[in-house]
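# Descriptive structure summary
So the chains spell out like this:
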Amino acid sequence: MSEFMVVGGWVVSEKVIRNGGIVIKENEIIDVGSADDLKRKYPGYEKLDAKGRIIIPGLINTHTHAAMSLLRGYADDLPLQTWLEDWIWPLEARLTDRDIELGAKLAAAESLLLGVTTINSMYHYFPEHNEAKAFAEIGIRGMIGHACFSWRKEKDKKLILDSVSKWHGRERGRLRVSIAPHAPYTVDPEYLRELEMLREELNEKYGEEMGEIIMCTHVAETKNEVKQIEETWRVKLPDHSIIKYLDRLGILSKSLLIAHAIYVSSSDMDIMARKGVKVSHNPVSNFKLAAGLCPVPEMIQKGITVSLGTDSAASNNSLDMFETMKFASLIHKFATSNPETLPAKEVFKMATLNGGIALGWRNLGAISKGYLADIVIPVSYTHLRAHETSLHLVCRLLLE
């Protein structure tokens, strides 16, 4: 079906259309409106009946580590640094490239079952077996970034070039590659600059034709991160601010997506808004690790694009974006003692349209004319939570 329409359901995007319809050609939405009007306008198109169903844009998970689905439930109830350094990193050192591909396949399948059509993952890349290959085989839209650390600079750069040449823009544009320094406390200042320069060079070569190459990294996730950076790299952060430190390094830009951003000040947020920095809010993971609460309402008020992520299944125990939306709404209502904080419409936008913007995928995340036809038709929320088969649960229109 290269030309068809979905008709009869409740179309939910920037507005809700009862008995709505979506007209699709190839992999693009070419019209949205009343089902009756569209049937008259496109008489020869095949019709997919969605009567009684809710039709939403595919959810977008802007921060996870897909292969870590293999580590679900491992090392629970620990603070972040202990969890990483004493448990996660030693076990990850024993994973093979085939393990990573398998873990990413499991994550992709789970995501599709839960209405997620795009995931952004940072992990270890291997040339033969990797997350991109897993995403291609499962059929999900995805962005992958090789996690960079100062202790393996030359290896990192070779793997980045390999991943970009093999996967960026592949699968008819469904796959993209990011530049992914792990965090400012594991990547020295000079290396951060080098990676940003590499991103700019690769963007000039590939970006216009195959999609933007953005930078993704963890920032301000824990209280002691400033101290870690200063002691590890023997630098002094201006005003004890990681954001001002990154600004001084020339890292902040509209092409930067930072995960967590919990410990940022009002002045930090002013800089982020001015530079166009995007944020991936990971409420479930942050609460599981007792990391803290990202000041999302203030970020939105200042004009920062905030999207949603699950983080890994190891630090979340799930890749459920519906649960993430619920957590995001409830914790900020509680924190502000205001039930009007982050209403459902705003949180839904964070999981859809804002996700596309955060990943530099400008025509992704909405059921609107000219957008990619990534849509989801859940049978019911009960079935969704029960993990029914994808055939009966999700109609994902990423057309080949």
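Quick look at the structure, then.

Rules behind the numbers
All residue numbers refer to positions counted from 1 along the written sequence of the respective chain. Reporting in this predicted model follows two pLDDT cut-offs: at least 70 for local features of residues, and 80 or more for side-chain atom pairs to be given and counted; totals over whole chains, interfaces and linings ignore these cut-offs and use all residues. Note: side-chain values were computed over all heavy atoms of the structure, leaving out hydrogens and water. Strands are runs of DSSP state E lasting at least 2 residues, helices are runs of H or I lasting at least 4, and numbering of each runs from the N terminus. Radius of gyration here is computed from C-alpha atoms only, and the compact-globule reference equals 2.2 Å multiplied by the residue count raised to the power 0.38. Burial classification: accessible surface area is computed with a 1.4 Å probe over protein chains only, and a residue below 20% of its type maximum counts as buried, one above 50% as exposed, and the rest as partly exposed. Think of it this way: Lys and Arg go in the positive column, Asp and Glu in the negative one, and His and the chain ends go nowhere. Note that the charge is assigned to NZ on lysines, CZ on arginines, CG on aspartates and CD on glutamates. Any pair of Phe, Tyr and Trp rings, taking the six-membered ring for Trp, is counted once the centres come within 6.5 Å. Such a pair is stacked with planes under 30 degrees apart, edge-to-face with planes over 60 apart, and tilted for the rest. Cation placement over rings: the criterion is NZ of Lys or CZ of Arg within 6 Å of the ring centroid and within 35° of the ring normal. To estimate how far a helix should reach, multiply one less than its number of residues by 1.5 Å. One axis fitted to the seven residues ending at a residue, another fitted to the seven starting there: the angle between these axes is the bend at that residue. Between two residues, a contact is recorded if the distance between any of their heavy atoms is within 4.5 Å. Polar contact is the term for a pair of N or O atoms within 3.5 Å; when the atoms are in protein, one must be able to donate a hydrogen and the other to accept it, and sequence-neighboring residues count only if both atoms are side-chain atoms. Should DSSP find at least two bridges between two strands, the strands are regarded as paired. We define a salt bridge as a contact between a side-chain nitrogen of Lys or Arg and a carboxyl oxygen of Asp or Glu at a distance within 4 Å.

A few words on the overall build of the protein. Counting secondary structure elements, the protein contains 17 helices and 14 strands. Taking 21 Å as the expected radius of gyration for a compact globule of 400 residues, we find that the protein reaches 21 Å, a close match to that expectation. When its C-alpha atoms are laid out on the principal axes, the protein stretches across 70 × 50 × 40 Å. Across the 400 residues of the protein, 60% fall into the buried class. One finds the centroid of the 48 positive side-chain charges in the protein at a distance of 3 Å from the centroid of its 52 negative side-chain charges.

Bringing the packing of aromatic side chains into the picture now. Taken as a whole and assessed by the stated rule, the structure comprises four aromatic pairs. Between the aromatic rings of Tyr 42 and Tyr 45, the centroid separation amounts to 5.2 Å while the plane-to-plane angle is 65°, which identifies the pairing as edge-to-face. Given the relative accessible area of 14%, Tyr 42 is considered buried. Through pairs of rings, three or more aromatic residues link up here, namely Trp 89, Phe 149 and Trp 151. A cation over a ring is seen here: Arg 141 above Trp 361, with NZ or CZ 5.6 Å from the ring centre.

Quick look at helix α7 (residues 189–210) now. Here α7 is 22 residues long and its end C-alpha atoms lie 29 Å apart, about the 32 Å a rise of 1.5 Å per residue gives. The largest bend in α7 amounts to roughly 50° and is located at Asn 203. Close packing links the buried residues of α7 with β8 (141–148), α5 (153–167), β9 (175–181), β10 (215–219), α8 (225–233) and α9 (242–249). Structurally, the start of α7 carries an N-cap: the backbone nitrogen of Glu 190 is 3.1 Å from a side-chain oxygen of Asp 188.

Quick look at the pairing of strand β6 (residues 59–64) now. Among the six residues of β6, six are classified as buried, and the element is accordingly described as predominantly covered. One ladder, built from four bridges, connects β6 with strand β7 (residues 116–123); its direction is parallel. Following the sheet pairing, Ile 60 is matched in β7 by Thr 118.

Tracing the sequence through the fold places Lys 25 in strand β2 (residues 16–25). The spatial distance from the C-alpha of Lys 25 to the C-alpha of Phe 4 is 6.7 Å, given a sequence separation of 21 residues. If sequence neighbours within four positions are ignored, Lys 25 has contacts with Ser 2, Glu 3 and Ile 30.

Before going further, it helps to examine the environment of Lys 15. Counting through the fold element by element, Lys 15 comes out in the loop between β1 (3–12) and β2. Measuring from C-alpha to C-alpha, the distance between Lys 15 and Ser 34 comes to 12 Å, with 19 residues separating the pair along the chain.

All right, on to the environment of Gln 301 then. Relative to the helices and strands, Gln 301 is located in helix α12 (residues 296–301). Since its relative accessible area comes to 71%, Gln 301 is described here as exposed. Through-space distance from the C-alpha of Gln 301 to that of Ala 273 is 10.0 Å; in sequence the pair is 28 residues apart.

With that out of the way, let us pick up the pattern of salt bridges. A full pass over the atoms with the stated rule returns 19 salt bridges. For Lys 25, the salt bridge identified is with Glu 3, shortest N-O distance 3.7 Å. Placement of the pair is Lys 25 in strand β2 and Glu 3 in strand β1, with a sequence separation of 22 residues. Here Lys 25 falls in the partly exposed class, since its relative accessible area comes to 39%. For Glu 3, a relative accessible area of 35% corresponds to the partly exposed category. Measuring nitrogen to oxygen at the nearest pair gives 2.5 Å for the salt bridge that ties Glu 194 to Lys 157. In this pair, Glu 194 is assigned in helix α7 and Lys 157 in helix α5, connecting sequence segments 37 residues apart. Connected through shared salt-bridge partners, Glu 101, Lys 105 and Glu 137 make up one network.

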